[in-house]
Amino acid sequence: QVQLVESGGGLVQAGGSLRLSCAASGRTFSSYAMGWFRQAPGKQREFVARISWSGGSTYYADSVKGRFTISRDNAKNTVYLQMNSLKPEDTAVYYCAAAHRIAVITTTPDYWGQGTQVTVSS
């Protein structure tokens, strides 16, 4: 069992940057694949980025590739999402997720955080 708590959301102008953090409880954080998802108003939740347990493998949705960077610090039980060159269409609630198997982290994670709002103004 792992509990996830996101932070770092807020209001930013287009072209700006934000860094989201997700703090995880438990001593087995380093064994989980981690991911970020987002859900805009009236839309389904969508995958944004994922990282392997070691941090050696990352993968991004096409819509954020080159602008967002996912990273993790296993010593701090934390995963990050650095978001640069933000666009109004990035406005959404961003969710952190964890999975025992990397094969499912992009589709059906085992655990979810409560979400943090990101709003990008034009």
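Residues numbered from 1 in each chain as written. Predicted model: local features only at pLDDT ≥ 70, side-chain atom pairs only at ≥ 80, totals over all residues. Heavy atoms only, no water.

Trainee: Kindly report on the overall build of the protein chain, identifying the contributing residues and their values.
Mentor: Counting secondary structure elements, the protein chain contains zero helices and 11 strands. Rg of the C-alpha trace for the protein chain: 13 Å, near the compact-globule value of 14 Å for 122 residues, within the 12% margin. Taken along its principal axes, the extent of the C-alpha atoms in the protein chain is 40 × 25 × 25 Å. Here the protein chain, with 122 residues, has 47% of them falling under the buried criterion. If you take every contact in the protein chain between residues at least 6 apart in sequence, the share linking residues at least 24 apart comes to 57%. Within the protein chain, one finds 12 positive and 7 negative side-chain charges whose respective centroids are separated by 4 Å. (Helix = DSSP H or I, 4+ residues; strand = E, 2+ residues; numbered from the N terminus. Rg over C-alpha atoms; globule rule 2.2 N^0.38 Å. Buried < 20%, exposed > 50% of the residue type's maximum accessible area, 1.4 Å probe, protein only. Contact = heavy atoms within 4.5 Å. Lys, Arg positive; Asp, Glu negative; His and termini not counted. Charge placed at Lys NZ, Arg CZ, Asp CG, Glu CD.)

Trainee: Summarise the sheet that holds strand E8 (residues 78–83); cite the residues concerned and give the values.
Mentor: Ordered by their spatial adjacency, four strands build an open sheet running E1-E3-E8-E7, and the pairing between neighbours is antiparallel. Among the strands making up the open sheet, the edge pair consists of strand E1 (4–7) and strand E7 (68–73). Each adjacent strand pair in this sheet contributes to an overall mean axis angle of 15 degrees, direction not counted. Bridge analysis of strand E3 (residues 18–24) against E8 gives six bridges, and the strand direction is antiparallel. (Pairing = 2+ DSSP bridges. Axes fitted to C-alpha atoms, helices over the stretch in contact; angles between N-to-C directions.)

Trainee: Got a sec to walk through the side chain of aspartate 90? Specific residues and values, please.
Mentor: In this structure, aspartate 90 sits in the loop between E8 and strand E9 (92–99). Dropping the residues within four chain positions of it, aspartate 90 is found in contact with Arg38, Arg67, Phe68, Ser85, Val118 and Val120.

Trainee: Could you give an account of the layout of surface pockets, with specific residues and numbers?
Mentor: In this model, the largest pocket occupies a volume close to 170 Å³. In terms of lining residues, the largest pocket is bounded by 14 residues, among which Arg38, Ala40, Lys43, Glu46 and Glu89 are the most central. Looking at the lining of the largest pocket, its residues break down into three nonpolar, four polar and seven charged. (1 Å grid on protein atoms, 1.4 Å probe; cavity = no way out; pocket = protein on both sides within 12 Å on 5 of 7 lines; lining within 4 Å. Points joined across faces, edges and corners; volume = space filled by probe spheres on them. Nonpolar A, V, L, I, M, F, W, Y, C, P; charged D, E, K, R; others polar.)

Trainee: Could you give me a rundown of the state of the cysteines, with the residues and numbers involved?
Mentor: The full count for this structure, using the stated rule, is one disulfide. One disulfide bridge connects cysteine 22 with cysteine 96, the sulfur atoms lying 2.1 Å from each other. Between cysteine 22 and cysteine 96, the disulfide has an S-S torsion of -80 degrees and is therefore left-handed. Residue cysteine 22 is found in strand E3, and its partner cysteine 96 is found in strand E9; the two are separated by 74 residues along the sequence. (Disulfide = S-S within 2.5 Å.)

Trainee: Tell me about the pairing of E9, and please be specific about residues and values.
Mentor: E9 sits mainly inside the fold: seven of its eight residues count as buried. Two elements, strand E4 (residues 33–39) and E9, share seven bridges in a ladder whose sense is antiparallel. Bridge pairing in E9 links glutamine 39 to valine 93. When E9 meets strand E11 (residues 116–121), the two strands line up antiparallel, connected through three bridges. Bridge pairing in E11 links tyrosine 94 to threonine 116.

Trainee: Which residues make up the pairing of strand E5 (residues 46–51), and what values do they have?
Mentor: For E5, the buried fraction is high: five of the six residues fall into the buried class. Where E4 lies against E5, five bridges are found, and the strand directions are antiparallel. Pairing of arginine 38 across the sheet is with glutamate 46, part of E5. Linkage of E4 to E5, two consecutive antiparallel strands, is achieved through a turn of six residues, within which glycine 42 is found at a positive phi near 75 degrees. Bridge count for E5 against strand E6 (residues 58–60) is three bridges, and the pairing is antiparallel. Within the sheet, the bridge partner assigned to alanine 49 lies in E6 and is tyrosine 60. Taking the residues between adjacent antiparallel strands as the criterion, E5 and E6 are bridged by six residues, where glycine 55 takes a positive phi near 85 degrees.

By themselves, these are just geometric observations and shouldn't be taken as functional.
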